[in-house]
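Structural characterization, general
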Amino acid sequence: MDTDTAPATLRHRRHMRRAVAMLGACLATTTAGTVYLFSTYGPALSHRLHLTSMQSNVVAISANYGLLLSGPFFGWAADSIGPRILSLFAAAGSFSAFSALAFTYSGDLPLPNWLALSLYMVLVGLSAQSANMAAVTTTTKNFKQNRGTAVSLCIAFFGLSPFVLSHINSLFFTDGEQPNTFGYLRFLSVLGLTTSMVAALCLSVVGFGPSRSRIPPGFIVNRPVPSDSSSSGLLSDRASWDEERALNSSATEGFGAIPKASNNSSTQPRARIDAESSSMSSSTAQQPIAQLDRQRADGLDYDTARDLGGWTYLRDSEAQLLMLVLFLCAGIGVFYNNNVGTIVNALYYSSTENPNPNAAQRLINHHVAVVSLGSFAGRLIIGIVADTCKRLWRVPRSGILVVVALCVVASQLMVAAASTLPLLLVGSAMTGLSYGFTFGFVPTLVSVWFGTRHFGSNWGLTSMFIGFSGQALGAFFGYVYDSNLPDQDPSKCYDGRCYRSAFGLSVVVGFLGMVAAAALAKRRSYRRKENRRRWEAEEVDHIQYVPFVLAE
């Protein structure tokens with residue numbers, strides 16, 4: 001009886017720890033989402049300190065530099081030392097950075113210039129990345145089945161955070177004649193401290209749960225399977241068989257399949273299917289493995305994963321294309337997040353006879369909330385849609401990435417055409433949705449295509465250059481805006497003419513991202529065809545080759 005109840009108790013404890021870790025991950029990404037709130041306090045900060053649009057862009061993008069350039073380090077730290085120390089750093093950094101911004105705004109802290117503000121925003125970005133890497137890496141290593149959905153849910157709170165916090169700003173910090181920016185910044189400092197401390201208590205790497213994938217006939221795993229495995233091919237907790245480890249051990253830097261071993265090789269199978277499934281195993285043993293493989297060929301997924309990390313990952317052509325897609329498409333979202341406040345101010349003051357600063361701030365908060373809600377929905381939807389399409393219809397994820405890039409282009413066309421605030425609201429929603437698609441989908445691709453062993457480092461390397469594209473677009477926007485409005489008077493920017501040409505560049509950048517995504521999809525298609533050809537031609541060791549569908 002004790003023998004029977006022990007696995008159930010252990011399973012229950014693992015499920016509970018995994019659920020608590022998921023809660024901690026959502027709290028951690030809530031802290032990380034504060035990096036996207038600059039538009040809610042940036043205009044007031046720039047007005048108080050007399051910053052130009054170009055200087056304001058530098059201050060805003062500094063947070064993204066801190067967020068993205070620190071990705072490889074915090075990814076390595078998440079892989080090496082675990083999530084809790086990273087969460088504690090996020091707590092201290094977030095509290096210090098937002099407190100410094102608050103007291104600089106109030107005049108109580110010296111160095112009230114844009115360089116000092118930039119340093120504070122860098123710390124905001126560092127804290128956000130620390131919390132984000134702790135959350136995403138933990139979630140990736142705790143889930144295998146429906147990993148796309150789990151990672152998307154975790155990252156979705158990254159996007160939802162600005163929505164909630166911008167509404168809090170509208171409800172509690174815009175009551176007087178002027179918005180209470182000082183109180184809002186102090187609130188953000190306490191929030192970052194609290195949520196990160198709670199996340200530090202919750203986050204832990206539990207590991208994958210039991211596999212729910214059936215082992216097709218003819219497959220012999222390269223690891224002993226205990227005798228309590230079910231005859232249906234489902235692996236129990238006690239088996240704790242890790243398909244991904246088998247897959248990674250059999251993957252190479254080539255097309256993910258091992259050349260067929262020679263007779264003298266030591267790669268003979270070291271394990272056999274257990275006694276309870278002996279009927280299946282014995283029938284399998286009596287037939288040629290290649291014959292069974294061909295019988296199941298149409299049911300296999302040849303889009304195999306590899307275990308890459310560090311320089312091997314950076315040198316891989318598919319990883320480089322994926323970085324390029326993220327660099328181009330996500331940079332647009334970073335650029336728009338940082339400048340939506342300026343755009344709303346221009347359209348509001350140029351179309352209102354008696355403008356009110358509080359009304360303008362509420363409009364900015366509303367647009368930030370819409371971008372945030374779109375980002376949240378995009379991050380959540382894309383994981384569910386991608387998992388469903390992959391599982392039911394075998395739609396390749398690389399094809400979905402092309403559609404994501406197309407959505408980015410459509411959002412920028414909408415923003416460029418918006419000459420009124422209602423039309424801009426549609427553009428904000430589309431931009432947030434496409435940004436959520438991009439940031440919610442690419443981390444899953446990194447883990448699925450290149451393995452989870454080095455996921456933190458790989459994702460950090462993949463996302464670290466986004467700040468440069470966002471900075472370039474933001475600098476061009478600032479140049480166009482300052483050239484058309486040298487006196488910084490937004491009431492003269494009729495129908496958005498003072499900045500519209502800047503979005504022509506963002507449309508071109510998005511189109512280039514779509515081209516890069518199409519090139520990556522073609523490369524992945526070639527990989528799948530080559531894997532199938534080699535499989536059917538018996539150029540691989542079928543005994544050690546594990547189809548990617550088992551690792552999903």
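Everything below is about the structure shown above.
First things first, this report covers the structure right here in the doc.

Conventions adopted
- Residues numbered from 1 in each chain as written.
- Predicted model: local features only at pLDDT ≥ 70, side-chain atom pairs only at ≥ 80, totals over all residues.
- Heavy atoms only, no water.
- Helix = DSSP H or I, 4+ residues; strand = E, 2+ residues; numbered from the N terminus.
- Buried < 20%, exposed > 50% of the residue type's maximum accessible area, 1.4 Å probe, protein only.
- Contact = heavy atoms within 4.5 Å.
- Areas by Shrake-Rupley, 256 points an atom, 1.4 Å probe, with all protein chains shown as cover.
- Patch = residues over 30% accessible without salt bridge, like charges linked within 9 Å, V, L, I, M, F, W, Y side chains within 5 Å.
- Salt bridge = Lys/Arg side-chain N within 4 Å of Asp/Glu carboxyl O.
- Polar contact = N/O pair within 3.5 Å; in protein donor to acceptor, adjacent residues only side chain to side chain.
- Core = buried A, V, L, I, M, F, W, Y, C linked by side-chain atoms within 4.5 Å.
- Disulfide = S-S within 2.5 Å.
- 1 Å grid on protein atoms, 1.4 Å probe; cavity = no way out; pocket = protein on both sides within 12 Å on 5 of 7 lines; lining within 4 Å.
- Points joined across faces, edges and corners; volume = space filled by probe spheres on them.
- Nonpolar A, V, L, I, M, F, W, Y, C, P; charged D, E, K, R; others polar.
- Expected span 1.5 Å × (residues − 1).
- Phe/Tyr/Trp six-rings, centres within 6.5 Å; stacked < 30°, edge-to-face > 60°.

**Here's the deal with the overall build of the protein chain**
Counting its regular elements, the protein chain contains 19 helices and 0 strands. By the burial criterion, 57% of the 552 residues in the protein chain qualify as buried. A sequence separation of at least 24 residues applies to 83% of the contacts in the protein chain between residues at least 6 apart. Accessible surface, the protein chain: about 21,900 Å² in total, of which carbon and sulfur atoms supply 63%.

**Quick look at the side chain of Ser94**
Mapped onto the elements, Ser94 comes out in helix 5 (residues 83–106). Accessibility expressed as a relative area gives 2% for Ser94, which makes it buried. Setting aside chain neighbours within four positions, we find Ser94 in contact with Thr31, Ser127, Leu188, Ser189 and Gly192.

**Observations regarding unusual backbone geometry**
Phi angles above zero are rare outside glycine, and Arg394 is one such case at about 55°. For Arg394, the position within the fold is in the loop between helix 14 (357–393) and helix 15 (397–417). Although it is not a glycine, Asp495 adopts a positive phi angle of roughly 60°. For Asp495, the location among the structural elements is in the loop between helix 18 (466–484) and helix 19 (502–536).

**What about a nonpolar patch on the surface?**
Taken together, Met54, Phe476, Tyr479, Leu505, Val508, Phe511, Leu512 and Val515 make up a surface patch of nonpolar side chains, about 690 Å² in accessible area. Looking at the nonpolar patch, the elements that each hand over two or more residues are helix 18 and helix 19. With 5 residues, helix 19 is the single largest residue contributor to the nonpolar patch. Within the secondary structure layout, Phe476 lies in helix 18.

**Let's talk about the side chain of Ser39**
With respect to the element layout, Ser39 can be found in helix 2 (residues 38–49). The class for Ser39 is buried, based on a relative accessible area of 1%. Within the structure, Ser39 has its side chain in polar contact with the backbone oxygen of Asn337 (distance 2.6 Å). Excluding its chain neighbours within four sequence positions, the residues that come into contact with Ser39 are Asn337, Asn338, Asn339, Val340, Gly341, Gln361, Ile364 and Val368.

**Overview of the nonpolar core**
Within the largest apolar cluster, 120 residues are counted, with the highest numbers of intra-cluster contacts made by Tyr41, Leu101, Leu322, Leu401, Leu424, Tyr499 and Phe503. The residues contacting Leu322, other than those within four sequence positions of it, are Leu401, Val442, Leu445, Val446, Trp449, Phe450 and Leu520.

**Observations regarding the state of the cysteines**
Counted under the stated rule, the structure contains 1 disulfide. With a sulfur-sulfur separation of 2.0 Å, Cys493 is cross-linked through a disulfide to Cys498. Note on the Cys493 and Cys498 pair: the S-S dihedral is about -85°, so by sign convention the disulfide is left-handed. Assigned by exposure class, Cys493 and Cys498 land together as buried.

**What to know about the layout of surface pockets**
Each pocket or cavity is described by its volume, and for the largest pocket that value is around 840 Å³. Forming the boundary of the largest pocket are 31 residues, of which Pro43, Ala44, Ser46, His47 and Asn345 lie nearest the centre. Among the secondary structure elements, those contributing two or more residues to the lining of the largest pocket are helix 2, helix 3 (53–69), helix 13 (317–351) and helix 14. Top contributing element to the lining of the largest pocket by residue count: helix 2, with 8 residues. Among the residues forming the lining of the largest pocket, the class breakdown is 13 nonpolar, 17 polar and 1 charged.

**Digging into the pattern of salt bridges**
Should their charged atoms come close, side chains of opposite charge can pair. Taken as a whole and judged by the stated rule, the model has 7 salt bridges. Residue Lys141 pairs with Asp79 through a salt bridge whose shortest N-O separation is 2.9 Å. Remark: Asp79 occurs in helix 4 (residues 71–80) and Lys141 occurs in helix 6 (residues 114–142); sequence separation between them is 62 residues. Taken together, the shared-partner salt bridges connect Glu318, Arg523, Arg524 and Arg527 into one network.

**Describing helix 5**
A rise of 1.5 Å per residue sets the reference length of helix 5, with its 24 residues, at 34 Å; its end C-alpha atoms lie 35 Å apart and thus fit the reference within 8%. Once helix 5 ends, the next one or two residues include Gly107, with phi positive near 90°.

**Focus: the packing of aromatic side chains**
In this structure the tally under the stated criterion is 24 aromatic pairs. Aromatic pair Phe38 and Tyr41: ring centres 5.5 Å apart, planes at 75°, arrangement edge-to-face. In this pair, Phe38 and Tyr41 are both assigned in helix 2, 3 residues apart and thus about one turn of the helix distant. You can call Tyr41 buried: its relative accessible area is 0%. Here Phe477 and Tyr499 contribute two aromatic rings whose centre-to-centre distance is 6.0 Å and whose plane-to-plane angle is 40°, an arrangement assigned as tilted. Of the two residues, Phe477 is situated in helix 18 and Tyr499 in the loop between helix 18 and helix 19; the sequence distance between them amounts to 22 residues. When its relative accessible area of 0% is taken as the criterion, Phe477 is described as buried.

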